[in-house]
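Descriptive analysis of the structure
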Amino acid sequence: MKDISIIVINYNTSKYTLDCIDSVVKLTDKSINYDIIVIDNNSTIDDFNYLKNNFPKQDNIILKRSVINTGFGGGNMLGVQFAKAKYLLFLNNDAFLQNDCLSILFNYMEAHPEVGVSTAQNYDEHGKHVISFDHNKGIRKLIFGRSFLEKNFSENHPKRKKEYTEPVTVNYVNGAFMFFRSSVFADVGGFDTNIFLYFEEMDICYRMQKQNYTSVLVPDAKITHYQGASTGSSKIISKEGFLSYFYVIKKNYSYSKYVFIRLYYCLSFLVKPKKWFLLPLVLKGVHLSESLKLKQKIQF
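Residue position: Cys101 is located in helix α4 (residues 101-111). The class of Cys101 is buried, set by a relative accessible area of 0%. Taking the C-alpha atoms as reference points, Cys101 and Gln121, separated by 20 residues in sequence, lie 9.8 Å from one another. Setting aside chain neighbours within four positions, we find Cys101 in contact with Ala120, Phe177, Ala221, Lys222 and Ile223.

Take a look at the structure:
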């Protein structure tokens with residue numbers, strides 16, 4: 001069994017994927033027994049061929065191609081099927097290691113069995129510190145905002161924009177770098193593949209909390225994250241994000257909270273014309289039949 005299996009998803013960004021792999025190979029200590037599993041999530045044939053033709057020729061780095069784009073959770077769960085390791089690192093292909101993150105987090109998790117998932121401190125491509133975790137997006141956060149919660153309930157809501165020097169327990173970690181204890185990941189059922197994009201980390205970290213496992217930022221580990229490079233942004237992506245969010249709230253919280261949150265967004269968007277395109281989705285609530293997941297085509 002390996003120490004760590006690293007799962008990386010490629011979707012039409014093969015140059016990022018190759019650079020991501022390179023950062024792991026160059027910066028990981030030789031004492032760590034790891035493998036890298038790259039899942040191509042049905043990229044264009046040109047992008048996939050570029051990846052395949054330039055792929056590292058190492059026994060511990062493998063490439064698998066899905067015949068359909070299964071999204072973040074689905075692509076990572078496909079990768080899990082080829083993993084046999086004590087720990088699982090789900091690493092965005094636009095996130096590059098700055099130091100020996102694998103050794104740092106392996107040693108931290110070995111010493112802290114109560115931790116289910118950890119993450120590295122994030123920096124953007126210009127070296128600026130950016131958020132590495134978030135607070136559960138419930139009613140208090142919507143009404144009072146993050147700043148109020150961080151000021152008045154700091155024990156459960158640490159400051160997101162602070163650059164930390166010591167580990168800190170958080171609600172959920174950034175999905176770009178999620179270092180799981182494999183046994184805990186299995187116990188909670190892994191990623192919910194009903195979700196195509198976004199809020200997978202909020203969902204799985206909440207499920208871990210219910211089983212008394214914590215999520216932790218370990219700031220000694222550092223990564224550069226080219227935020228949004230792997231997904232981009234558009235109205236379609238925004239709709240998918242809200243669909244995922246409502247699904248996670250309805251699944252994990254009370255129905256009354258789900259209804260209240262929908263009402264909150266409905267009233268909020270009424271005074272924001274640029275958000276009117278989201279109103280039909282908010283009014284209807286969770287309808288996974290509208291997810292991008294069901295619009296993907298099989299391509300061999």
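Now, onward.
Along the chain, the position of Ser244 falls in helix α8 (residues 235-252). Among the polar contacts made by the side chain of Ser244, one reaches the main-chain carbonyl oxygen of Leu197 at a distance of 2.6 Å. Setting aside residues up to four positions removed in sequence, Ser244 forms contacts with Ile195, Leu197, Tyr198 and Phe199.

The next thing to look at is the environment of Asp40. Looking at the secondary structure, you find Asp40 in strand β2 (residues 34-40). We classify Asp40 as buried; its relative accessible area is 0%. In this view, Asp40 contacts Asn10, Asp47, Phe48, Leu51, Leu63, Lys64, Arg65 and Ser66; residues no more than four positions away in its chain are not counted.

Before going further, it helps to spend a moment on a nonpolar patch on the surface. Judged by side-chain polarity, Ile143, Phe144, Phe148, Phe153 and Phe260 come together as a nonpolar surface patch covering roughly 460 Å² of accessible area. When residues of the nonpolar patch are assigned to their parent elements, the largest contribution, three residues, is made by helix α5 (residues 139-152). In this fold, Phe153 is placed in the loop between α5 and β9 (168-170).

Quick look at the pattern of salt bridges now. Taken as a whole and judged by the stated rule, the model has 11 salt bridges. Notably, a salt bridge pairs Lys26 with Asp22, separated by 3.1 Å at the nearest N-O pair. In this pair, Lys26 and Asp22 both sit in helix α1 (residues 14-27), four residues apart, roughly one turn of the helix.

This part takes up the packing of helix α7 (residues 200-210) against α8. Axes are the key here: two packed helices are described by the angle between their axes and the distance separating the axes. In contact at an axis separation of 10 Å, α7 and α8 are set at 15° when each is read in the N-to-C sense. Considered as vectors, α7 and α8 are oriented roughly parallel to each other. Between α7 and α8 lies a crossing of right-handed hand. Contacts between α7 and α8 pair Met202, Asp203, Tyr206 and Arg207 from the former with Val248, Ile249, Lys251 and Asn252 from the latter. Looking at the contact of α7 with α8 residue by residue, the class counts come to four nonpolar, one polar and three charged.

What counts and what doesn't
Residues numbered from 1 in each chain as written. Predicted model: local features only at pLDDT ≥ 70, side-chain atom pairs only at ≥ 80, totals over all residues. Heavy atoms only, no water. Helix = DSSP H or I, 4+ residues; strand = E, 2+ residues; numbered from the N terminus. Buried < 20%, exposed > 50% of the residue type's maximum accessible area, 1.4 Å probe, protein only. Contact = heavy atoms within 4.5 Å. Polar contact = N/O pair within 3.5 Å; in protein donor to acceptor, adjacent residues only side chain to side chain. Patch = residues over 30% accessible without salt bridge, like charges linked within 9 Å, V, L, I, M, F, W, Y side chains within 5 Å. Areas by Shrake-Rupley, 256 points an atom, 1.4 Å probe, with all protein chains shown as cover. Salt bridge = Lys/Arg side-chain N within 4 Å of Asp/Glu carboxyl O. Axes fitted to C-alpha atoms, helices over the stretch in contact; angles between N-to-C directions. Parallel < 35°, antiparallel > 145°, perpendicular 65-115°, else oblique. Left-handed = near helix turned anticlockwise from the far one by under 90°. Nonpolar A, V, L, I, M, F, W, Y, C, P; charged D, E, K, R; others polar.

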